[in-house]
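# Working through the structure, step by step
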Amino acid sequence: MPNPSPWQHHRNAAVADDIDFEIKGQELQFLEIELDPGESAVAEAGALVWKDASVAMTTVFGDGSGGSDGGFMGKLLGAGKRLITGESLFTTVFTHQGQGKARVAFASPTPGAILPIRLDEVGGRLICQKDSFLAAAKGVSIGVHFQQRIMTGLFGGEGFIMQKLEGDGWVFVQMGGTIVERELAPGQQLHVDTGCVAAFTDTVDFDLERAGGVRSVLFGGEGLFFARLTGPGKVWIQSLPFSRLAGRMLAAAGSRGGQNRGEGSVLGGLGDFIGGNN
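Let me begin by describing the structure that accompanies this report. Because the structure is predicted, anything quoted here is derived from the model rather than measured.

About the cut-offs
- Residues numbered from 1 in each chain as written.
- Predicted model: local features only at pLDDT ≥ 70, side-chain atom pairs only at ≥ 80, totals over all residues.
- Heavy atoms only, no water.
- Helix = DSSP H or I, 4+ residues; strand = E, 2+ residues; numbered from the N terminus.
- Salt bridge = Lys/Arg side-chain N within 4 Å of Asp/Glu carboxyl O.
- Buried < 20%, exposed > 50% of the residue type's maximum accessible area, 1.4 Å probe, protein only.
- Core = buried A, V, L, I, M, F, W, Y, C linked by side-chain atoms within 4.5 Å.
- Contact = heavy atoms within 4.5 Å.
- Phe/Tyr/Trp six-rings, centres within 6.5 Å; stacked < 30°, edge-to-face > 60°.

Attention now goes to the environment of isoleucine 23. Summarising the element assignment, isoleucine 23 is placed in strand S2 (residues 20–24). With 83 residues separating them in the primary sequence, isoleucine 23 and phenylalanine 106 have C-alpha atoms 9.6 Å apart.

Moving on to the pattern of salt bridges. Going through the model one piece at a time under the given rule, you end up with 11 salt bridges. Notably, a salt bridge pairs aspartate 20 with lysine 101, separated by 3.6 Å at the nearest N-O pair. Taken together, the positions of aspartate 20 in strand S2 and lysine 101 in the loop between strand S7 (90–96) and strand S8 (102–107) put the pair 81 residues apart, joining distant regions of the chain. Among the residues examined, aspartate 20 registers a relative accessible area of 7% and is labelled buried. Shared partners join several salt bridges into a network, and the residues in it are Asp20, Lys24, Glu32, Glu34, Asp36, Lys101 and Arg103.

Right, let's get into the nonpolar core. Counting 20 residues, the largest nonpolar core has Ile19, Phe21, Leu31, Ile33, Phe106, Ala135 and Phe172 as the members making the most contacts within it. Of all elements in the fold, only S2, strand S3 (30–35), strand S4 (40–44), S8, strand S11 (133–137) and strand S14 (170–176) reach the threshold of two or more residues within this core. With residues up to four places along the chain from it excluded, the contact list for leucine 31 reads Phe21, Glu22, Ile23, Val104, Ala105, Phe106, Ile114, Ala135 and Phe172. The next biggest cluster of nonpolar side chains, apart from the first, holds 19 residues, and it includes Leu119, Leu126, Ile142 and Leu165.

Attention now goes to the packing of aromatic side chains. In the structure shown here, the tally under the stated rule is four aromatic pairs. Seen from their ring centres, phenylalanine 21 and phenylalanine 172 are 4.9 Å apart, and the 80° between their planes marks the pair as edge-to-face. Here phenylalanine 21, found in strand S2, pairs with phenylalanine 172, found in strand S14; they are 151 residues apart in sequence, far enough to count as distant.

That's the geometry; what it means functionally is another story.
Have a look at this one:
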């Protein structure tokens, strides 16, 4: 029986390391993973919402993908990659040590959507924005993707470094606002605001396109460049990057740390006095 929506999945007994999950909520989503005995999930430190008592929690150095036989240098390298991409040095592994089914839930720290992607269905590798990793089936590796072009690194919205998620299991990434998925044919191009590029498959070429003439650059409000994504492959676009949300909040707060509740008042300072803001 097919799954009723992409926000939930039921385990296929023929697939190794498959997990049941359900993503609940709309704008402020959280992820609920159901584990069989012995199954594990890996999550970003601090993402836990709740867990059943039979689920043991262990903090590991790095992303936990190498297991106990990865050696110190392997763990150190994994932790270093996470640090470069803005993540914590540690991840938390949740393992069901009881009988029957057990559940554990995680939440994103920012408003938006949680995107479930099975890596073996997208070529085993996903390139995404920094800080996007939330949780995964154990075995997924969190690496570093460097922008090869200098201009793309300087003006591409994500800098020179993005996250690279590799493996064959489920991974859950957190995006801002609403998520749109586009499938690009070979040679097909898509222009996206640089901050709105959430993730793309390894086959997609990411470069920059000038936003337009001098007038468009100065007064269009879209910056100097668009992201130019060229297929083949899949692209995920986010409607509200956290950097944009944070910028609007800082602008609304003003120089007095958000104490002005009448920013639109035509009376200016007198309006502040009348309104009780001073």
